[in-house]
Amino acid sequence: MMSRMTHAMDELRSIVMRAENKWTGTGISRVAMVRAEACADQVYQPMLHFVLQGSKTLSIGSRVSTYQAGTYFLVPVDVPATGEIQAGGPGLPYLAVSLTLEPVVLASLLLEGVNEPEQANEVCFGGVLAPAEMTDAWLRMLRLIDHPREIAMLSPMIEREILFRAIQGPLGGWLKDIARPDGRLAHIRRAIHWIREHYNEPIFVEQLAALTDMSVAAFYRHFKAITAMTPIQYQKRLRLLRARWLLLFEPRDAASIAFAVGYESASQFNREYARLFGLPPARDMARFKAEGQRGAARGQAARLLPRRDSMLSTSTSVEKAIAA
């Protein structure tokens, strides 16, 4: 079994090595792959992410999680995150594949009698060791890249198999919640949609709770359990990610950008920016400019920062940001 698993991982890695240094389409609906050198600070959309080589560390709200090769993790709703990747060694870049989650597909599996998963844990974003059966399904999915005529017939069945294996695992309760159109995740998604559309405006928890048909206490508890952030912290992460994008691609002074993303105090913006990214805005941009003098600034920025559409759109069809 171990030898079979090793061979499957080796073949998966050889296929994903064809990817670019960004999320690369495979020709298979909802499936993408990446061979990355850096990790994006971006808004992650609902997906199942399988690490094949190297490791990835994500900071999502108060949670910092590291995912090793051979593990998968779940993002149940749009969440702003910062992260780092580590190569598997010299000449062994970070490799991963992802499956964008489609609630209708998940719902059909549950309706067809898949064993009911346990209730979702209060905390998400944990890594899970992929079973051999899931790894084998991923391999059969990616082999379809070389057989485009077979994709329309076979990929939906393999997608359902991958999701079936995930539903049977520790994160199955979260997948069940994603499938439910009237569940807590659906209600929290309404609030997330509003915050993303109005990220530079004041928000009030009472207003968001009313939008989700929850009491203030229930809304606050569920929002934090699902995103690992309070609504205010979520909005703050959106503002800071957007500010970093503006500093790089629409060079202006830090104060004007602070006000543009909703801050009322430039000094508070500088403090919170430095707390998240490690350097205050001016020094952070100076670092990018120094890299630019070596001919790599814009390419490095593209790897580290999301494009505007990944920051502001809530559509699940939005193309993923440029890095892992």
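Residues numbered from 1 in each chain as written. Predicted model: local features only at pLDDT ≥ 70, side-chain atom pairs only at ≥ 80, totals over all residues. Heavy atoms only, no water.

Right, let's get into the confidence of the model for the protein chain. In this model, the protein chain carries a mean pLDDT of 86, and residues with pLDDT of at least 70 account for 85%. In this model residues 295-324 is a low-confidence stretch, pLDDT under 50, and it forms 88 contacts with partners more than four residues away in sequence or in other chains. (pLDDT = per-residue confidence, 0-100. Contact = heavy atoms within 4.5 Å.)

In this section: the nonpolar core. Within the largest apolar cluster, 101 residues are counted, with the highest numbers of intra-cluster contacts made by Phe50, Tyr72, Trp138 and Phe219. Residue contacts for Phe50: discarding those within four places in its chain leaves Met9, Leu12, Gly70, Thr71, Tyr72, Leu95, Ala96, Val97, Ala130, Thr135 and Trp138. (Core = buried A, V, L, I, M, F, W, Y, C linked by side-chain atoms within 4.5 Å. Buried < 20%, exposed > 50% of the residue type's maximum accessible area, 1.4 Å probe, protein only.)

This part is about the packing of aromatic side chains. In the structure shown here, the tally under the stated rule is eight aromatic pairs. On the numbers, 5.6 Å between centres and 55 degrees between planes, the contact of Phe219 with Phe223 is tilted. One end of the pair is Phe219 and the other is Phe223, both in helix H8 (residues 216-227) and four residues apart, which spans about a single turn. Of the two residues examined, Phe219 and Phe223, each falls in the buried class. Clustering of aromatic rings is evident, with ring pairs tying together Tyr263, Phe269, Tyr273 and Phe277. Here Arg244 stacks its cationic end above the ring of Phe277, 4.3 Å away from the centre of that ring. (Phe/Tyr/Trp six-rings, centres within 6.5 Å; stacked < 30°, edge-to-face > 60°. Helix = DSSP H or I, 4+ residues; strand = E, 2+ residues; numbered from the N terminus. Lys NZ or Arg CZ within 6 Å of the ring centre and 35° of its normal.)

Moving on to the pattern of salt bridges. Overall, the coordinates contain 16 salt bridges when judged by the stated rule. A salt bridge links Glu20 to Lys22, with the nearest nitrogen and oxygen atoms 3.8 Å apart. Taking relative accessible area as the criterion, Glu20 reaches 42% and is therefore assigned partly exposed. Beyond isolated ion pairs, a larger network of salt bridges with shared partners links Asp41, Arg244, Asp284 and Arg287. (Salt bridge = Lys/Arg side-chain N within 4 Å of Asp/Glu carboxyl O.)

Of the pairings in the sheet, the one linking strand S5 (residues 55-60) to strand S6 (residues 63-68) comprises six bridges and is antiparallel in character. Its bridge partner lying in S6, Leu58 is registered against Ser65. What sits between the antiparallel neighbours S5 and S6 is a turn of two residues, in which Gly61 has the positive phi angle 60 degrees. (Pairing = 2+ DSSP bridges.)

Turning to unusual backbone geometry, a few remarks are in order. The backbone phi angle of Arg30 is positive, close to 70 degrees, even though this residue is not glycine. Along the chain, Arg30 falls in the loop between strand S1 (24-25) and strand S2 (31-36). With a relative accessible area of 30%, Arg30 lands in the partly exposed category. One non-glycine residue, Ala228, lies in positive phi territory at about 65 degrees.

The strand order S3-S8-S5-S6 describes an open sheet built from four strands, whose pairing is antiparallel. In this open sheet, the two strands that pair with only one neighbour each are strand S3 (42-44) and S6. Each neighbouring strand pair of the sheet contributes to a mean axis angle of 40 degrees, computed without reference to strand direction. Docked against the sheet, helix H9 (residues 231-249) engages S3, S5 and strand S8 (79-86), running at close to 60 degrees with respect to S8. (Axes fitted to C-alpha atoms, helices over the stretch in contact; angles between N-to-C directions.)

Read across the sheet, six strands follow the order S1-S2-S9-S4-S7-S10 without closing on themselves; strand pairing throughout is antiparallel. The sheet terminates laterally at S1 and strand S10 (128-129), the two strands that pair on one side only. Of the strand pairs in this sheet, S1 and S2 are connected by two bridges, and their pairing is antiparallel. Paired with Gly25 across the bridge in S2 is Ala32.

Glancing now at the side chain of Thr230. Position of Thr230 relative to the elements: it lies in the loop between H8 and H9. Given the relative accessible area of 9%, Thr230 is considered buried. Excluding anything up to four places from it in sequence, Thr230 contacts Tyr220, Phe223 and Lys224.

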